[in-house]
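Each chain, written out:
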Amino acid sequence: MSVVSCVNLSVPATTANLGPGFDCIGAALTLSNEFKFTRLDGGEFKITVTGTEAAGVKTDSSNLVYQAFVKLYQYIDKTPPPVNMEIKLGVPLARGLGSSATAIVGGLVGANQLAGEPLSQSQLMELAIAMEGHPDNVVPALIGGCRLAATSKAGWEICDIPWHGDIIPVVAIPNFELSTEEARRVLPTQVSHADAIFNTAHLGLLLRGLATGRGDWLTSALQDKLHQPYRQQLITGYDAVNSAAVSAGAYGMVISGAGPTLLALTDQTHSTDVVAAMATAWQQQGITASVRLLSIDHQGARIIS
Ligand code: HSE
């Protein structure tokens, strides 16, 4: 077990739910936050944050990266060392792109590295899921790719969901925030049997659509009855952006995670038109959005130089 004094990490953004896979499926995207941890000789901790939304991140002990860092040391029954944390933000905050998951995964992996890697990747995953409360952002943030997570007697079964190379994710990130707490508060505590069956069938279809790249399957599969019908009202312009994306040739559009970012899936031929259509539709509602063509990140959290 080698103990290091400094580690620099990159952790990808994620898009969770993908329509019918509420709280169980998510994919890592080619957009990331960076976290540098340097062991200090004395003191307690210091946090600095850079990036366009740096002002929105706390630098006291309530910082989520620091909390995850401390959590790992508590788990291994050791005192956290004094540490300097430098956070470089590339993932917008509270937009449904897994910024909290990057913080949790960054803090846990950083602490694990400084402590000499006492925990395995699956132990880190269990801790990350427990901290976040659901697996669909932290799992792909940690190990990359598109992942399905299901509870098992032993903990969690995690499986790789093949993502056909022709399917392109487009994220439209508006200039307003929506907290996950608020987006979960509008959900019903119970759903009908019919809605449960609808989502079961559509999640199965989604997995086949993602694997094969069949557009007609994806168009149908992106429908959901567990969370989107309740959350759409929280996102100004949802219907207009959806119509614009589909008219421009997207297979369909969903809420990314808890929103307000909207995710369209499309192909290479229509991708530029989809980007332009989503940006224009939101602009017409008076909302500025950054619309980006991304890819699936297959590496997850990784050490960078
Ligand atoms: N599955 C979660 C939700 C993702 O939709 O609330 C956001 O953390």
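Residues numbered from 1 in each chain as written. Predicted model: local features only at pLDDT ≥ 70, side-chain atom pairs only at ≥ 80, totals over all residues. Heavy atoms only, no water.

Re the packing of helix α2 (residues 99–114) against helix α3 (residues 121–132)
The geometry of α2 relative to α3 is characterised by a closest axis approach of 10 Å and an angle of 140° between their N-to-C directions. Comparing the axis directions of α2 and α3 gives the class oblique. In the crossing of α2 with α3, the sense of the turn from one axis to the other is right-handed. Between α2, through Ser100, Ala101, Ile104, Leu108, Val109 and Asn112, and α3, the contact on the second element is made entirely by Leu124, Leu127, Ala128, Met131 and Glu132. Of the residues assigned to the contact of α2 with α3, the class counts are 8 nonpolar, 2 polar and 1 charged. (Axes fitted to C-alpha atoms, helices over the stretch in contact; angles between N-to-C directions. Helix = DSSP H or I, 4+ residues; strand = E, 2+ residues; numbered from the N terminus. Parallel < 35°, antiparallel > 145°, perpendicular 65-115°, else oblique. Left-handed = near helix turned anticlockwise from the far one by under 90°. Contact = heavy atoms within 4.5 Å. Nonpolar A, V, L, I, M, F, W, Y, C, P; charged D, E, K, R; others polar.)

Quick look at the domain arrangement of the chain
If you check the domain split of the chain, you get domain 1 (6–161 + 297–303) and domain 2 (168–293). For domain 1 versus domain 2, the separation of C-alpha centres amounts to 25 Å. Contact with domain 1, which involves 24 residues of that partner, is made by 33 residues of domain 2. Taken over both partners, the interface formed by domain 1 and domain 2 buries close to 2000 Å², and the fraction arising from carbon and sulfur atoms is 65%. Remark: the boundary between domain 1 and domain 2 carries 1 salt bridge. (Domains from an automatic or database assignment. Buried area = accessible area lost by both parts, 1.4 Å probe. Salt bridge = Lys/Arg side-chain N within 4 Å of Asp/Glu carboxyl O.)

Observations regarding the packing of aromatic side chains
Taken as a whole, this structure holds 5 aromatic pairs when the rule is applied. With centroids separated by 5.8 Å and ring planes inclined at 10°, the aromatic side chains of Phe37 and Phe69 adopt a geometry described as stacked. Here the residue Phe37 occupies a position in strand β2 (residues 25–39), and Phe69 occupies one in helix α1 (residues 64–75), the gap between them amounting to 32 residues. On the accessibility criterion, Phe37 (1% relative accessible area) is buried. On the basis of relative accessibility, which here comes to 0%, the residue Phe69 falls in the buried class. (Phe/Tyr/Trp six-rings, centres within 6.5 Å; stacked < 30°, edge-to-face > 60°. Buried < 20%, exposed > 50% of the residue type's maximum accessible area, 1.4 Å probe, protein only.)

Looking at the packing of α1 against α2
Where α1 contacts α2, the axes come no closer than 7 Å and their chain directions differ by 40°. Here α2 runs oblique to α1, going by the angle between their axes. Taken as a pair, α1 and α2 cross one another with a handedness that is right-handed. Residues Leu64, Val65, Ala68, Phe69, Leu72 and Tyr73 of α1 form the contact with α2, whose participating residues are Ser100, Ala103, Ile104, Gly107, Leu108, Gly110, Ala111, Asn112 and Leu114. When grouped by side-chain class, the residues that make up the contact of α1 with α2 number 11 nonpolar, 4 polar and no charged.

Quick word on the environment of Ala28
Within the fold, Ala28 resides in strand β2. Placed 130 residues apart in sequence, Ala28 and Ile158 show a C-alpha to C-alpha distance of 14 Å. If we skip the residues at most four places from it in the chain, Ala28 touches Pro12, Ala13, Thr14, Pro140, Gly144, Gly145, Ser295, Ile296 and Asp297.

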